[in-house]
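Okay, here's what each chain looks like letter by letter:
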Amino acid sequence: MTDTLDRPELTARLADQFDALAELVSGLDEQQWRTPSPLPGWTVFDVLSHVIGTESMLLGDKPPARVAQAADVDVNTLPHVRNEIGAFNEIWVQRLRPRAGTELLDLYREVIGRRRAALAALDDAAWSAPSPSPIGEVPYARFMRVRLFDCWMHELDIADALGKRVDEGGPRGELAFAEFAQSLPRVVAKRGKAPAGSLITLALTGPLARTLHIEIGDRARYVDTPAAESTVTLGLDSGLLVRLGGGRVDPGSALDRITFEGDADLGRQVVRNLAFTI
């Protein structure tokens, strides 16, 4: 799998992703802003608030104060908050929720403008320096690819909520998918409980079409040229795969959109256990 962390490429794709989000929500009326998203407890408005919160945190900003008329919510009691990162995200969402959609978009553009400047000012040492991230301490460059993936997934969340179509492929999609795919072997082996010695093949169609072979040995890994026949081959759209991995789609409702060649029981077991993102 490609592990592209090239600085000019990644910063350019992040900038494109920031623009894509702004374009997607431009012109929404207040009712559209409050459309429920695929993420439990969050509307379209809340999804963009989350992006603002994370990018603001990277700038050193703190969440805005709670407005007097807003409820004082203990975010840790909300059913969709499962960990410290979720609680941090929810504080920003709750604090921004009383604003109007147009005001939120103005804030997004202001924050993203500062983030673009901050990214442009980074030197090579800062780009490669260890940084805390949702996947542990990694080079800052890897963290930025995680950010690209997160924002790309949230573009899909907003588009799905609004019934809009967006380009899921292209350079942004390729880099975001590279980050997503990094976790798939571990997920298939650990969560999907694919047995040692098995070979799981994902034959993807759609905007990010490709064939991925995951060999389960002492550790699960990708192989370019399998030494044996696949234990099971799953045929599905790339967009469906990322939504399953993101927990956006109920696996049971997706089985009729997936073909299974070989051990179909194992294939269905893997599909039911693909969700892994925070």
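This text follows the structure it describes.
Residues numbered from 1 in each chain as written. Predicted model: local features only at pLDDT ≥ 70, side-chain atom pairs only at ≥ 80, totals over all residues. Heavy atoms only, no water.

Trainee: Please clarify how the pattern of salt bridges should be interpreted in this entry.
Mentor: Within this structure, the stated rule accounts for 21 salt bridges. With its nearest N and O atoms 2.2 Å apart, the salt bridge here joins Arg116 to Asp19. With Arg116 in helix H5 (residues 101-121) and Asp19 in helix H1 (residues 7-25), this pair connects stretches of sequence that are 97 residues apart. Asp19 gets classed as partly exposed once you look at its relative accessible area, which sits at 40%. Here Arg34 and Glu30 are joined by a salt bridge, their closest N and O atoms 2.9 Å apart. Through salt bridges that share partners, Glu55, Arg115, Arg147 and Asp150 make up one connected network. (Salt bridge = Lys/Arg side-chain N within 4 Å of Asp/Glu carboxyl O. Helix = DSSP H or I, 4+ residues; strand = E, 2+ residues; numbered from the N terminus. Buried < 20%, exposed > 50% of the residue type's maximum accessible area, 1.4 Å probe, protein only.)

Trainee: Just checking my understanding: could you explain the packing of aromatic side chains for this structure?
Mentor: For any pair of aromatic rings, the description rests on two quantities: the centre-to-centre distance and the angle between the ring planes. Tallying each qualifying case throughout the model produces six aromatic pairs. Between Trp33 and Phe45, the aromatic rings sit 5.9 Å apart at their centres with planes inclined by 75°, giving edge-to-face as the arrangement. Linking Trp33 in helix H2 (residues 30-33) with Phe45 in helix H3 (residues 44-58), this pair joins segments that are 12 residues apart in sequence. This pair shows no difference in class: Trp33 is buried, exactly as Phe45 is. A ring pair is formed by Tyr140 and Phe143, whose centres lie 6.2 Å apart and whose planes are at 85°; its orientation type is edge-to-face. Placement of the pair is Tyr140 and Phe143 together in helix H7 (residues 140-162), with a separation of three residues, close to one helical turn. Over the aromatic face of Phe45 sits the side chain of Arg34, whose NZ or CZ is 3.8 Å from the ring centroid. Seen from the ring of Phe260, Arg268 lies directly overhead, with NZ or CZ sitting 5.8 Å from the centre. (Phe/Tyr/Trp six-rings, centres within 6.5 Å; stacked < 30°, edge-to-face > 60°. Lys NZ or Arg CZ within 6 Å of the ring centre and 35° of its normal.)

Trainee: Would you mind showing me how to read helix H8 (residues 170-182) here?
Mentor: Note that an α-helix has 3.6 residues per turn; residues three or four places apart therefore point the same way. Between the first and last C-alpha of H8 there are 18 Å, a value that for 13 residues agrees with the 18 Å anticipated at 1.5 Å per step. The complete set of buried residues in H8 reads Arg172, Gly173, Leu175, Ala176, Phe177, Ala178, Glu179, Phe180 and Ala181. (Expected span 1.5 Å × (residues − 1).)

Trainee: I keep staring at the packing of H1 against H8 and nothing clicks. Help me out?
Mentor: Relative orientation and spacing of two packed helices are given, respectively, by the angle between their axes and the distance between those axes. Where H1 contacts H8, the two axes come as close as 9 Å, and the packing angle between them is 110°. The angle between H1 and H8 falls in the class roughly perpendicular. Between H1 and H8 lies a crossing of left-handed hand. In contact with Glu9, Leu10, Arg13, Asp16, Gln17 and Ala20 of H1, H8 contributes Pro171, Arg172 and Leu175. Looking at the contact of H1 with H8 residue by residue, the class counts come to four nonpolar, one polar and four charged. (Axes fitted to C-alpha atoms, helices over the stretch in contact; angles between N-to-C directions. Parallel < 35°, antiparallel > 145°, perpendicular 65-115°, else oblique. Left-handed = near helix turned anticlockwise from the far one by under 90°. Contact = heavy atoms within 4.5 Å. Nonpolar A, V, L, I, M, F, W, Y, C, P; charged D, E, K, R; others polar.)

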